[in-house]
Every structure is written in structure tokens, then in C-alpha cells.
Amino acid sequence: MISIRTKLILFMCLLIMIIDALSCLFLFVHVKREQEDAFKKLGMSIVTILAEDNEVKLALSHAQPAFLDAPIKRIMTFDRNDERGYWRISSSQEVIVEEKASWLNIDIKEIPVVKEFKNTDVPYTKRRWTSGGINALEPSQNPDLILINRMISEGNEFYDFSVPVYERQIFSEEAFATEILNEDKIAAEAKQRMLGYVQIGLSTHKLNKKIHDFVLHNILPMSLSIILGGLCIAFFLTRYIVLPLRRMASITLDIARGNLTHTIAVRSKDEIGQLSANFNQMTKSLEKSYTELKQEVAEHKQTEKLLQYRVKIEELVAGISANFINLAPHEVDAGINRALKAIGEFTNVDRSYVFLYSDNEKKNMDNTHEWCAEGIAPQIENLKGLPVDNFPWALKELLQFESIHVPRVADMPDIALAEKELQESQGVQSFVIVPMIYGGSLCGFLGLDSVRVEKTWTEEDIAMLKMVGEIFVNTLERKRAEERVKHHVKRLTTLHTIDKAIIGSLDLQVILRVLLEQVTAQLGVDAANVLLINRHTQKLGCAATLGFRSNAAISLYVCLKENYARRTMLERRIVYISNLSETDAPCVKLLEGEEFVVYYGIPLIAKGEVKGVLEIFNRTHLNPDQGWFGFLETMGAMAAMAIDNTSLFEGTQRSHAELTLAYDTTIEGWSRALDMRNKETKEHSHRVTEMTLKLAPALGIKEDELVHIRRGALLHDIGKMGIPDTILLKPGKLTEEEWQIMRMHPVYAYQLLSPITYLHKALDIPYCHHENWDGSGYPKGLSGEQIPLAARIFSVVDVWDALLSDRPYRSALTEDKTIEHIQLNTGKQFDPTIVKTFFRIYQ
Amino acid sequence: MQKHHKFYSFLIFSIFWLIFNFLIQISFQIPFAIAGEKLVTIVRSQQISAYNEVIKGFEERCKGENISIKAIYDLKGDVEEGKRIVQNIKINKLQTNLILAVGVLATTLVKEQFPDIPIIFCMVINHERFNFQGVNITGISCEASVEDQFTILKEVLGVHKNVGVIYDPIKTGKIISEAILIAKKLEFNLIQTEITSEKEVTSAIKNIISKIDALWIVPDGTVITKETIDGIIKLTQKHRLPTFCTSPAIVKAGALVSISPDYTYMGIQAAQLAQTLLSSQAITSLGVKQPDRLKLTINTQTAEIIGVNLSSIKSRPEVVLYP
């Protein structure tokens with residue numbers, strides 16, 4: 001890791017070096033420029049002074065070199081540093097005088113002579129010489145027309161200053177006046193005559209040495225001091241900047257370890273100070289947030305714990321509830337005990353229990369279910385039939401549907417003395433009970449006891465108890481309801497059995513027997529009988545008895561003019577005697593041997609008429625409920641209905657039989673009438689009917705259809721009523737037209753019989769007995785099994801009998817011939833199966 | 001024939017008579033003329049057109065005024081030459097009643113050598129810089145008064161304007177001091193910038209160019225040089241800044257307007273002064289006069305470049321349009 005300080009130092013060093021380098025460079029350049037400017041000024045001054053010297057002008061005017069001595073001598077005094085390399089004064093045509101320094105290793109003749117001053121825009125041409133030559137580098141001009149060239153010769157650099165010498169010098173103010181007033185400047189300038197040139201070359205060796213010395217003595221030390229100073233500043237500055245950051249870093253580490261109390265004591269009024277202040281603020285906020293977060297986390301943990309506990313409670317309750325959902329009624333008690341165990345273990349108590357009212361009047365309570373922890377004595381047997389009035393305080397609370405939570409039995413109030421004594425007798429130190437409510441009324445309560453230690457239960461525990469209590473009470477009520485339903489189902493089954501008996505049997509005795517069996521079984525009584533009224537004598541007679549030790553006694557009892565049965569019959573209401581032994585009625589004395597205690601007499605009333613009395617006897621007291629009475633009344637009504645139905649049925653049976661007889665007799669009469677008209681052999685219809693009835697069952701026709709076959713067979717030729725006698729009774733062969741008419745007789749039979757509903761099922765034979773198996777018959781040309789079975793059967797029988805009978809137009813055939821005829825026409829006229837069966841039966 | 005002979009004789013006689021009278025007249029006049037004519041020597045600093053105009057005006061005015069130009073000497077702008085010439089004038093005792101010195105060199109040399117002859121100087125730029133006072137010294141200023149200059153400036157620019165000026169306090173400090181008061185009076189805001197060398201001119205202009213509405217170029221040798229005048233003109237034209245000066249030469253170089261004396265009329269005015277001085281018995285000084293007639297020179301090209309409407313002053317009779 002490269003620290004910030006190192007980075008800063010490196011960066012600052014770099015910066016310092018750059019600054020240093022730039023500064024030194026700048027200074028060097030500046031100084032060099034200054035020295036060069038000074039050097040140039042010196043050169044320009046020297047050369048200008050010479051150019052303006054009158055003696056020089058004179059010398060040039062008169063070409064007198066001697067005149068130049070004095071001015072040159074004067075000029076040499078300016079060259080204190082011996083920088084002068086050469087000097088030359090020349091006229092326009094020739095060089096008047098020239099001289100070079102001894103150290104200059106070039107021939108002065110090689111130094112170019114300046115000649116072009118008129119056109120100062122023309123730069124000095126650069127000429128490159130071969131070895132030892134002069135390189136002219138940069139000509140520059142200045143306003144005073146001094147031409148300056150920088151030249152290099154064998155490593156020696158020098159400046160050549162050249163200036164023209166004019167004949168006369170313009171007075172400066174007049175020169176200015178010329179500028180201001182004269183619009184024609186060129187003419188003015190042209191008037192100055194140039195006499196010649198002054199040229200001086202100054203070596204830069206002293207200049208370079210000065211610069212070199214300056215660099216050595218000034219720039220380098222300055223550079224070093226800048227570097228050193230910069231480094232020191234960088235060092236201390238970075239230390240100053242980084243130190244607070246280091247402190248902040250270490251404090252941050254402390255914070256990461258959990259210590260939020262540290263602060264940074266940096267008071268500088270800059271960004272570091274601001275950062276420190278902000279950091280301290282941040283630490284405070286963090287501390288505050290951390291504290292709040294810790295609190296929140298603790299609360300959350302507690303909440304989570306609570307939630308987990310609640311979840312466990314819910315799982316427990318859900319488990320208990322799931323167990324109870326499909327619990328059979330006979331398993332409810334075991335289920336409650338298991339649940340008590342589960343909640344007892346869950347809440348870590350010593351005992352869990354259920355108390356329920358033991359009677360309908362809710363005067364007493366029983367401890368019906370209990371679970372005890374290991375080592376704790378059960379109390380269930382000691383807590384039966386507790387009068388609730390003995391515990392008014394607890395009862396009051398429970399009736400108000402309030403839970404009772406007693407963390408310390410010793411601290412129970414005085415008004416709860418009985419409860420306290422009861423608990424103390426069981427060694428209970430703390431208990432909680434919750435009411436069990438169903439339908440808005442108290443059924444009992446569920447409780448937990450802590451025997452070994454004092455215990456306080458939470459709201460969640462009490463709520464859980466309430467939920468379990470609800471499950472228990474719902475289950476118990478469901479069990480009771482199921483039992484009631486079972487009971488009702490039993491009774492309905494009983495009623496159904498009686499109904500079946502009534503429907504299924506026309507024998508009253510059978511019905512009454514079944515009735516009495518069901519009554520005694522369902523009502524749980526010892527004996528019962530049914531007495532019926534004789535319509536004619538209006539006397540009661542015993543129709544059926546059950547459960548009596550001696551039928552004789554009851555027979556005698558029945559015969560008495562005054563008995564409870566008669567009373568019941570006359571009063572047309574239920575008569576109840578709760579204790580027969582306390583009555584003096586003579587009829588009771590007759591039944592002493594039976595030792596009956598309780599009597600119920602129920603009038604059997606059907607359609608407003610008393611048919612008889614149903615009597616119930618029991619040898620012990622009964623405690624019947626509404627359902628029992630309802631059942632008893634139902635039994636009575638059913639008995640009355642059975643009696644009434646039986647008599648009705650018998651009447652109907654008789655009427656039906658008489659009607660049927662009437663129908664059949666009528667049909668037989670018609671049949672005989674037809675035979676007589678048709679001049680058939682005697683009893684032809686009767687015979688074929690009997691034969692058909694005999695054959696039909698063998699071919700699968702059911703018994704209840706035989707009556708229709710009988711009627712159809714008897715009326716098979718009723719359609720001939722519509723055939724004129726001329727055709728019907730014609731002795732000879734019928735013509736085709738006559739046969740067409742004759743073939744209409746099945747249609748006529750259909751038309752005659754179809755309006756009669758009673759004879760619908762008998763139409764097959766009259767309508768189809770002339771249809772042929774192969775479809776060549778009439779009237780519809782049916783074939784095969786399209787022809788009703790009854791008609792197919794009858795057609796065989798009818799032909800058999802007809803062939804064996806004499807007719808007006810032929811004699812009877814022999815049986816063999818008849819058989820042969822039948823066989824010949826099997827498959828054409830007759831159904832082969834029916835022919836086969838016919839021959840099997842009649843042969 | 002005889003008649004013709006008489007006529008011709010009469011004619012010849014008349015002609016001779018006229019010639020005789022003429023000669024008699026002339027002979028009478030010459031002494032008078034010779035007896036009352038004053039001699040004036042003109043010393044010119046150098047040959048420049050402005051000086052020549054003045055001399056020309058002087059000569060014209062002197063004609064018929066009994067003033068004779070004895071000699072015109074040209075000093076060629078050279079001090080030594082000038083000294084030699086003036087010395088020659090003095091040594092040769094050339095009779096002269098009055099000397100007209102044109103230009104500062106001539107005035108300087110003449111004042112030195114001729115303390116007892118009336119001297120009229122003219123065409124001395126910024127004459128107050130030089131010690132041209134004496135009992136025999138009379139002069140005509142080479143520049144229009146600051147008030148005249150600013151009046152024209154006001155007419156062109158309007159009031160409440162910022163006028164910039166760059167100057168060397170050593171050379172033109174007095175002019176600026178006077179200008180400050182006149183500017184206040186004429187409701188101008190004079191923004192001055194001092195310089196000490198010509199190298200500062202460009203930067204000084206750049207500093208004030210955005211703050212001013214016009215540049216007043218004063219006749220200052222530090223400000224106006226061959227090198228700086230181009231730069232000044234270029235900058236001011238680039239920024240569309242009107243420039244006012246005291247010399248037509250600078251207008252020709254690119255300035256907008258100059259207010260300068262009419263040099264020819266200055267010569268006439270000098271001749272009038274000469275007449276006054278010569279008619280006086282004693283040597284006296286009439287002080288330094290302002291030029292009687294001024295001319296406005298306008299560079300129309302510059303006016304077009306910077307977008308100035310000078311129609312209000314173009315129509316003046318004293319306006320000279322360039323080009």
C-alpha cells in the first residue's frame with residue numbers, strides 16, 4: 001500500500017521539480033535574454049556612438065583613416081570585458097580600417113561586409129561557408145537601422161553590429177516635426193547621404209561566461225534551495241494534512257471494532273478541520289443510530305421470540321385442531337386427553353384438565369378430562385359432581401366469560417375462599433382457567449395447574465387456552481350433535497323400517513310386530529302393545545304385544561271397561577302415568593306382575609278417526625326428552641297410518657280383483673261372440689289362447705304380460721266385426737277384392753281396440769297375427785323380429801288349431817299334415833325358433 | 001504724305017514722353033522704396049512642405065507691404081550645419097530687420113544668436129516645452145487651442161463621451177492639464193494614460209481602447225513615432241474608434257480628423273505680425289498668438305471603416321477631405 005503521504009510527497013516533489021525546472025529555465029532564459037539585450041545594447045551603443053561621431057564622419061567624408069584613431073580609442077574604453085572580436089569602418093566603396101582581436105581565429109576578410117542598408121526589408125542573406133567559415137544565423141533589425149547578425153565561427157559565437165554612417169544627423173525635434181508635419185517622408189529620408197558603415201563584432205564568450213556563472217552561482221543554488229525548501233514544505237505539509245487523516249483512519253478502525261466514543265480533536269479552519277468536525281458528527285450519529293439499532297434489534301429479537309412462541313402456540317393449536325377435525329365421536333375423550341397433555345407439556349405445567357356441567361340444570365360440574373405431569377397425583381376422581389354454587393367467585397367470573405389467572409393461590413381474595421381451599425387441597429400454587437362457551441352459554445372450563453412452582457402465564461398462553469377450549473367445546477358439541485344425529489338416524493331408520501314394513505307387507509300383524517319391536521328398541525322401554533278398535537263393536541282388541549311377561553294379563557287388562565287405553569282413546573291424547581304403583585286403578589292391579597312403573601298411552605288417529613291405542617310400559621322411571629316424545633308420537637302416527645293403509649289396501653284389492661274379473665269376463669264374452677259369428681269351431685279362441693299362454697313363457701314372456709296376451713288372443717279376430725258377412729261367411733274361395741277386404745280385419749281390430757287404454761298392451765296379437773316371418777304378411781308387411789313376439793307365437797298356434805279344425809270350405813287336417821305344413825312354412829310364415837319351441841312343448 | 005509724317009512724329013514723341021515719365025516715376029519711387037523697405041530673413045529648419053507653405057504665405061503677404069525677403073536659409077535639420085549657417089548670417093552682418101524662424105531648430109539657433117532683432121517663430125510643435133520667450137520673440141502656435149480641438153470633438157462625438165489620451169508627462173503634461181479642465185467644461189470624460197517610452201504605447205492603447213469613445217492623439221514625441229503611429233491607427237480602426245489629432249499627416253496615415261492651422265494663412269498671419277513689429281520703433285514682443293485660421297482634415301476612408309457620420313462638418317469651408 002502506498003500511503004497518501006508518500007503519494008503526496010511524490011506528487012509534490014514532482015511538482016516542485018517541475019516548478020524548479022521551469023523557474024530555473026525561466027530565469028535562465030530571462031537572464032540570458034537580459035544579458036543578450038544588454039550585450040546587444042552595448043554593441044548597438046558602441047556602434048552608434050562611432051557612427052554618430054563627427055570625426056568618423058569626417059574620416060569617411062575625406063577618406064582619412066587617421067581621423068579614426070581618437071574615436072576608436074574612445075570606443076575601446078566601453079569594451080571592458082574584452083568582448084570585441086573585430087571592428088571595421090568602411091566607406092561605400094572600400095574598407096577604411098578594420099581590426100580583429102588576437103583570439104579570433106578567422107580571417108577578418110571572411111567576415112562579410114554589410115552593404116545593403118537602403119532597403120532594410122531585405123534580410124541579410126545567410127551564407128554557409130565550408131570549414132572554418134562563418135555561419136550567419138539571425139539577422140535582426142532595430143529602428144535605428146542597426147543590423148545585428150549572430151554568427152558562429154569554430155565554436156565561437158559573436159554578434160556583428162553594423163550601422164550606416166550618415167553625413168548629417170537630423171535634429172531629433174525636427175525629426176519629430178517631420179513625422180508630425182511632413183506628409184512626404186520618403187523624400188525627407190532620401191536627403192541624408194550615407195558615408196559608410198561601422199561594423200563591430202562582439203564575442204559572446206564573456207556573455208556565455210556570465211550566463212554560465214549566473215547559472216552556477218544563482219540558478220543552481222536557487223534550484224537546490226527550491227528543491228530542498230519544497231521537499232521540507234512537502235514533508236511538513238503532507239504530515240500536516242495526512243496526520244488528521246491517519247487519526248481518522250485509526251478512529252475509523254476503532255469504530256469498526258464497535259467503539260463509537262472516539263472523536264478527532266482537529267481544530268484547523270480548513271477542509272481537514274471541516275472533515276474532522278463532520279467525522280465527529282458522523283461518529284455521534286453513528287453511535288446514536290447504533291444504539292437505536294441495538295434497541296431495535298433487541299426489540300425485534302424479543303418480538304421474534306414472541307412471534308416464535310406465538311407460532312409454536314399456533315402450531316400447537318393447529319395440530320390439536322387438525323387432530324380433532326376427523327376425530328370420531330368415540331375418540332373425542334382420548335383426543336381431549338392427548339390435547340391436554342400437549343398443552344400441559346407446552347406450558348410446562350403440572351396438570352391440565354377440563355370441567356363440564358354434569359347435568360342439564362347446570363347445577364354440578366365434573367372434572368371430565370385430565371392430564372398430569374410425571375409425579376403429580378391425578379385429581380379427576382375427586383372432582384366429580386361438584387356443586388357450582390359452592391364456588392360463587394369462580395362461577396361469577398366464568399359466567400361473565402372471564403378467565404381466572406391466579407399466579408399465587410396464597411394471594412387469592414377472601415371472597416374466593418372455597419376456590420382457594422380447593423386448590424390448596426390439591427397442592428396447587430398457581431392456576432389459570434378459561435371458560436368454555438358454546439352458543440353463548442357456559443359449558444365448562446379448561447384449566448392449568450402449577451403445583452411445584454409458582455407460575456405466571458402470558459396473554460398468549462391464556463389466548464391459547466381459550467382457543468383450545470373452543471376446540472374442545474366444539475368437538476364435544478359436535479360429538480353430542482353426532483350422537484343426536486345418530487340417534488335421529490336410528491329413529492329415521494326405524495321409521496323407514498316401519499315404512500318398508502307398511503309398504504312391503506299387507507299383513508297388519510307383521511307391520512304391528514315390526515312397529516312394536518322398533519318402539520321398544522328405540523324408546524328404550526320394556527313393553528308395548530297395540531290395541532285396535534272393532535268398527536262394528538267399538539271395542540278395543542289387542543292386535544299385538546311385545547315385552548310382556550304374560551299375555552293373559554294384558555288380555556284381561558284390555559277387556560276392562562275402564563283402563564288407561566280406553567281413556568286414551570276417549571281423550572284422544574297421550575296419557576302418562578309416572579308411577580303406576582301409586583295408582584289404585586283396577587287395570588293396574590292386573591298388571592302388578594309385570595312390575596311396570598311408567599305408562600304412556602298414545603291414541604292412534606288416522607284421518608280423524610281413532611283406530612286404536614299404542615301403549616308403552618317401563619319398569620323404571622324414564623327421563624324422556626323432546627326427541628323421545630316426538631318419536632313416540634311419530635310411532636303412533638305411523639301405527640295409525642299402517643292400520644288405515646292396511647284396511648284401504650284390502651278394500652282396493654277387493655275392488656281391483658272385482659274389476660279385473662269384470663274385464664276378463666267381458667272379453668271372454670266378446671270372444672265367444674266372435675267365435676259364434678265367425679262360425680269357428682267351438683272354443684277356438686279359448687284353445688288358441690290357452691296354447692299361446694302355455695307357449696309364451698317358454699319363449700321368455702314374463703308372467704305379468706301373459707294377461708295381455710290372453711286378452712289379445714281372445715280378441716284376435718275382433719277385427720272381423722268389420723268384415724261383411726258375405727265375405728266372412730262365404731263358403732267358397734274369396735276373390736282378390738274380397739281378400740283385400742278380408743285382410744283389413746287386423747286394421748279394424750286395431751281401430752276397435754286402440755281407444756281402450758286397458759287393452760293397449762293386448763293389441764299386438766289382433767293387429768299382427770297375420771304378419772309373416774318373411775314379410776309377406778299383412779297388414780303392414782312386417783318381417784322377422786319386427787313382428788311382435790306375441791303375434792309370432794299366436795300365428796303358429798292359430799294356424800295349428802285352424803288346420804286341425806274343420807272349416808266350411810275344408811276338413812281338418814291330420815296332425816302329421818299339420819306338422820308338415822307348419823314345417824314347410826317355417827322361415828316363411830312362422831318364426832323358426834317359435835316353431836321349434838312349439839313342437840318341443842306340444843310333442 | 002505730309003500729314004502721315006506729322007502723325008508718326010507726334011506718336012514717337014508721345015512714346016518717348018511716356019517712357020521718360022515712367023523712368024522719372026521709378027526714379028522717384030526707388031529711393032522712397034529704398035528708403036522705407038524692411039528686410040526680413042527667413043530661417044527654415046528643414047525642407048518640409050508645411051514649412052514651405054508658411055513661407056509662401058509670408059512672402060505673398062509681404063508683397064506690397066514694404067517688406068522684402070532678404071534671404072531664406074535652410075538648416076537641413078542638422079544642428080551643426082544650422083549653427084554654421086546662423087553664424088555666417090551673424091558674421092557677415094547681413095542687414096536684416098526681422099527674422100522669421102520656421103521650425104524648432106531655426107528658432108533655437110536664431111534666438112541664441114540674435115537677441116536684438118525681432119524674431120517671429122512659427123511651426124514649433126508644442127512650443128511651450130521650449131524656452132522661446134524674450135523681449136524680441138513673437139510666435140504663432142503650431143496647434144489649435146485645446147478648446148478649439150475639443151469643440152470640434154464635441155460636434156462630432158456628442159457630449160458625455162469618454163475621450164482617451166496617451167501622453168508622456170515630461171513632454172505634453174501641460175497640454176493634458178489644460179485639457180482636463182476644458183474637458184470638464186465641455187462635458188467630456190478625459191481618460192489619461194501616462195507612458196514613459198514608445199514601447200508602452202501599444203499596451204497603453206489596448207488597456208483603454210475598450211473604455212473610450214474616441215482617441216485624442218496629442219503631438220507627443222514619445223507617443224508618435226514611425227513605429228507607433230501605424231500600430232495606433234491599426235488598433236483604432238480595428239476597434240472602430242475615432243481618432244483626433246493635430247496634424248493632417250497623421251490623418252493621411254489613417255486618423256479620422258485633424259484640427260490644424262492653415263499653414264499658408266499662418267504665413268500671412270506672421271507677415272501681419274512682422275508688419276506690426278517692423279512699424280514699431282522699439283524692439284518688442286507680441287507674445288505667442290494662436291493661429292487665425294484652422295483647417296479640418298478628414299480621412300473619409302477611415303470614416304467609412306469606423307462608421308462615423310461626419311456630414312455635419314464636411315460641409316464646412318475649412319474642411320479638407322482626404323483622399
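As the structure is a prediction and not an experimental result, all values here were calculated from the model.

## Observations regarding the overall build of chain B
Here comes step 1: Tallying secondary structure elements over chain B gives 12 helices and 13 strands in all.
Here comes step 2: Put simply, chain B has 323 residues, and 49% of those count as buried.
Here comes step 3: Long-range pairs, those at least 24 residues apart, make up 70% of the contacts in chain B between residues at least 6 apart in sequence.
Here comes step 4: Accessible area of chain B: about 16000 Å², with a carbon and sulfur share of 55%.

## Observations regarding the overall build of chain A
Here comes step 1: Of regular secondary structure, chain A possesses 25 helices and 17 strands.
Here comes step 2: For chain A, buried positions account for 43% of its 843 residues.
Here comes step 3: Long-range contacts, defined here as pairs at least 24 residues apart, represent 61% of the contacts in chain A between residues at least 6 apart.
Here comes step 4: Surface summary for chain A: the accessible area is close to 45900 Å², and the carbon and sulfur share equals 56%.

## Quick look at the side chain of A:His716
Residue and element names in this part refer to chain A.
Here comes step 1: Along the chain, His-716 turns up in the loop between helix 18 (703–714) and helix 19 (725–728).
Here comes step 2: Among the residues examined, His-716 registers a relative accessible area of 1% and is labelled buried.
Here comes step 3: Polar contacts involving the side chain of His-716 include one to the main-chain carbonyl oxygen of Ala-713, which spans 2.7 Å.

## A closer look at the pairing of strand 1 (residues 38–44) of chain B
Residue and element names in this part refer to chain B.
Here comes step 1: Here strand 1 lies mainly inside the structure; five of its seven residues are buried.
Here comes step 2: The sheet contact formed by strand 1 and strand 2 (residues 67–74) spans seven bridges and is parallel. Note on strand 2: the bridge partner recorded for Val-40 is Ile-69.
Here comes step 3: Regarding the hand of the β-α-β motif, the stretch spanning strand 1, helix 2 (residues 49–62) and strand 2 is right-handed.
Here comes step 4: With five bridges joining them, strand 1 and strand 3 (residues 98–102) adopt parallel strand pairing. Looking at strand 3, one finds that Val-40 is bridged to Leu-98.

## As for the side chain of A:Ser223
Here comes step 1: By the secondary structure assignment, A:Ser223 is in helix 6 (residues 205–256).
Here comes step 2: Excluding residues within four positions of it along the chain, A:Ser223 makes contact with A:Asp20 and A:Cys24.

## Let's talk about the sheet that holds strand 16 (residues 598–606) of chain A
Residue and element names in this part refer to chain A.
Here comes step 1: Pairing is antiparallel across the open sheet formed by five strands, whose spatial order is 14-13-17-16-15. Every interior strand has two partners, whereas the edge strands, strand 14 (540–546) and strand 15 (575–577), have only one. Each neighbouring strand pair of the sheet contributes to a mean axis angle of 20°, computed without reference to strand direction.

## Section: the pattern of salt bridges
All names here are of chain A.
Here comes step 1: Tallying each qualifying case throughout the model produces 34 salt bridges over all chains.
Here comes step 2: Put simply, Asp-717 and Lys-720 hold a salt bridge, and the shortest N to O gap is 3.3 Å.
Here comes step 3: Overall, Asp-717 belongs to the buried group, its relative accessible area being 6%.
Here comes step 4: The buried category is assigned to Lys-720, whose relative accessible area is 12%.
Here comes step 5: Note that Arg-743 is salt-bridged to Glu-736, the shortest N-O span being 3.6 Å.
Here comes step 6: When salt bridges with common partners are traced through the structure, they connect Lys-607, Glu-609, Lys-611 and Asp-644 into a single cluster.

## Digging into the pairing of strand 5 (residues 156–166) of chain A
Residues and elements named next belong to chain A.
Here comes step 1: The element strand 5 is extensively covered by neighbouring structure, given that nine of its 11 residues are classed as buried.
Here comes step 2: Across nine bridges, strand 5 lies against strand 6 (residues 194–203) in antiparallel orientation. Looking across to strand 6, one finds that Tyr-159 is bridged to Leu-202.

## Concerning the sheet that holds strand 4 (residues 119–122) of chain B
All names here are of chain B.
Here comes step 1: Here we have six strands laid out as an open sheet, ordered 2-1-3-4-5-11, and parallel in their pairing. Here the strands that pair on one side only, and so sit at the sheet edges, are strand 2 and strand 11 (287–289). The sheet shows a mean angle of 20° between the axes of neighbouring strands, direction not considered.
Here comes step 2: Here helix 4 (residues 104–113) sits on the sheet and contacts strand 1, strand 3, strand 4 and strand 5 (137–140); the angle it forms with strand 3, its principal contact strand, is near 145°.

## Let's talk about the nonpolar core
In a soluble, globular protein the nonpolar side chains are often hidden away together inside.
Here comes step 1: Counting residues in hydrophobic clusters, the biggest one holds 56 residues, and the most contacted among them are A:Ile343, A:Phe431, A:Leu446 and A:Phe472.
Here comes step 2: Examining the composition of this core, we find that eight residues originate from one element, helix 11 (residues 459–504) of chain A, more than from any other.
Here comes step 3: A:Leu181, B:Ile140, B:Tyr263 and B:Met266 belong to the second largest nonpolar core, which has 53 residues in total.

## Considerations on unusual backbone geometry
Here comes step 1: Geometrically, the link from A:Tyr778 to A:Pro779 is a cis peptide bond, its omega value of 10° lying close to zero.
Here comes step 2: Topologically, A:Pro779 is positioned in the loop between helix 22 (764–768) and helix 23 (789–803).
Here comes step 3: Cis geometry is adopted by the peptide bond preceding B:Pro323, which originates at B:Tyr322 and carries an omega value of 0°.
Here comes step 4: At A:Asn348, a position not held by glycine, the phi torsion is positive, near 60°.
Here comes step 5: Assignment of secondary structure puts A:Asn348 in the loop between helix 8 (332–346) and strand 7 (351–357).
Here comes step 6: If you check the backbone angles, B:Lys76 has positive phi at about 60° while not being a glycine.
Here comes step 7: Positionally, B:Lys76 belongs in the loop between strand 2 and helix 3 (79–91).

## A closer look at the environment of A:Ala501
Here comes step 1: With respect to the secondary-structure elements, A:Ala501 resides in helix 11.
Here comes step 2: In contact with A:Ala501, other than residues within four places in its own chain, are A:Ile511 and A:Val514.

## Topic: the packing of helix 23 of chain A against helix 25 (residues 832–842) of chain A
To characterise two packed helices, one gives the angle between the axes of the helices and the distance between these axes.
All names here are of chain A.
Here comes step 1: Across the interface, helix 23 lies against helix 25 with an axial gap of 10 Å and an inter-helix angle of 55°. In terms of orientation, helix 23 and helix 25 fall into the oblique class. Read as a crossing pair, helix 23 and helix 25 show a hand that is right-handed. Together, Leu-789, Arg-792, Ile-793, Val-796, Val-797 and Trp-800 of helix 23 and Ile-834, Val-835, Phe-838 and Phe-839 of helix 25 make up the contact between the two elements.
Here comes step 2: In terms of residue class, the contact of helix 23 with helix 25 is made up of nine nonpolar, no polar and one charged.

## Some thoughts on the interface of chain B and chain A
Here comes step 1: Contacts between the two partners involve 32 residues from chain B and, on the opposite side, 18 residues from chain A.
Here comes step 2: Summing both sides of the interface, chain B and chain A together bury roughly 2200 Å²; the carbon and sulfur share of this comes to 58%.
Here comes step 3: Our count for the chain B to chain A interface comes out at one salt bridge.
Here comes step 4: Between B:Arg129 and A:Glu173 there is a salt bridge; the shortest N-O distance is 3.2 Å.
Here comes step 5: Those elements giving two or more residues to the side of chain B that touches chain A turn out to be helix 2, helix 4, helix 8 (226–238) and helix 9 (248–253) of chain B.
Here comes step 6: If you tally residues by element for the side of chain B that touches chain A, the top one is helix 9 of chain B, at four residues.
Here comes step 7: Residues that form the side of chain B that touches chain A fall into these classes: 16 nonpolar, nine polar and seven charged.

## A few points about helix 2 (residues 54–61) of chain A
Residues and elements named next belong to chain A.
Here comes step 1: Within the span of helix 2, buried status applies to Val-56, Lys-57, Ala-59 and Leu-60. In a view along the axis of helix 2, the buried residues occupy a sector of 160°, so they form one face of it.
Here comes step 2: Contacts from the buried residues of helix 2 go to helix 1 (4–52), helix 3 (69–76), strand 1 (84–91), strand 2 (95–100), strand 5 and strand 6.
Here comes step 3: At the N-terminal end of helix 2, a side-chain oxygen is found 2.8 Å from the backbone nitrogen of Glu-55, two or three residues along, and the residue is Asp-53.
Here comes step 4: Within two residues after helix 2, Ala-63 carries a phi angle of roughly 50°, on the positive side.

## Re the packing of aromatic side chains
All names here are of chain A.
Here comes step 1: Following the criterion strictly, the structure yields 27 aromatic pairs over all chains and no others.
Here comes step 2: Measuring from ring centre to ring centre gives 5.0 Å for Tyr-600 and Trp-628, while their planes differ by 55°; the resulting arrangement is tilted. Remark: Trp-628 occurs in helix 16 (residues 626–678) and Tyr-600 occurs in strand 16; sequence separation between them is 28 residues.
Here comes step 3: Clustering of aromatic rings is evident, with ring pairs tying together Phe-548, Tyr-564, Phe-596, Tyr-599 and Phe-617.
Here comes step 4: When the ring centre of Tyr-778 is taken as origin, the NZ or CZ atom of Arg-743, which lies over that ring, is 5.8 Å away.

Rules used in this analysis
Residues numbered from 1 in each chain as written. Chains lettered and ligands numbered in written order. Predicted model: local features only at pLDDT ≥ 70, side-chain atom pairs only at ≥ 80, totals over all residues. Heavy atoms only, no water. Helix = DSSP H or I, 4+ residues; strand = E, 2+ residues; numbered from the N terminus. Buried < 20%, exposed > 50% of the residue type's maximum accessible area, 1.4 Å probe, protein only. Contact = heavy atoms within 4.5 Å. Areas by Shrake-Rupley, 256 points an atom, 1.4 Å probe, with all protein chains shown as cover. Polar contact = N/O pair within 3.5 Å; in protein donor to acceptor, adjacent residues only side chain to side chain. Pairing = 2+ DSSP bridges. Right-handed = clockwise from strand over helix to strand, strands pointing away. Axes fitted to C-alpha atoms, helices over the stretch in contact; angles between N-to-C directions. Salt bridge = Lys/Arg side-chain N within 4 Å of Asp/Glu carboxyl O. Core = buried A, V, L, I, M, F, W, Y, C linked by side-chain atoms within 4.5 Å. Parallel < 35°, antiparallel > 145°, perpendicular 65-115°, else oblique. Left-handed = near helix turned anticlockwise from the far one by under 90°. Nonpolar A, V, L, I, M, F, W, Y, C, P; charged D, E, K, R; others polar. Buried area = accessible area lost by both parts, 1.4 Å probe. Arc of directions from axis to C-beta. Phe/Tyr/Trp six-rings, centres within 6.5 Å; stacked < 30°, edge-to-face > 60°. Lys NZ or Arg CZ within 6 Å of the ring centre and 35° of its normal.

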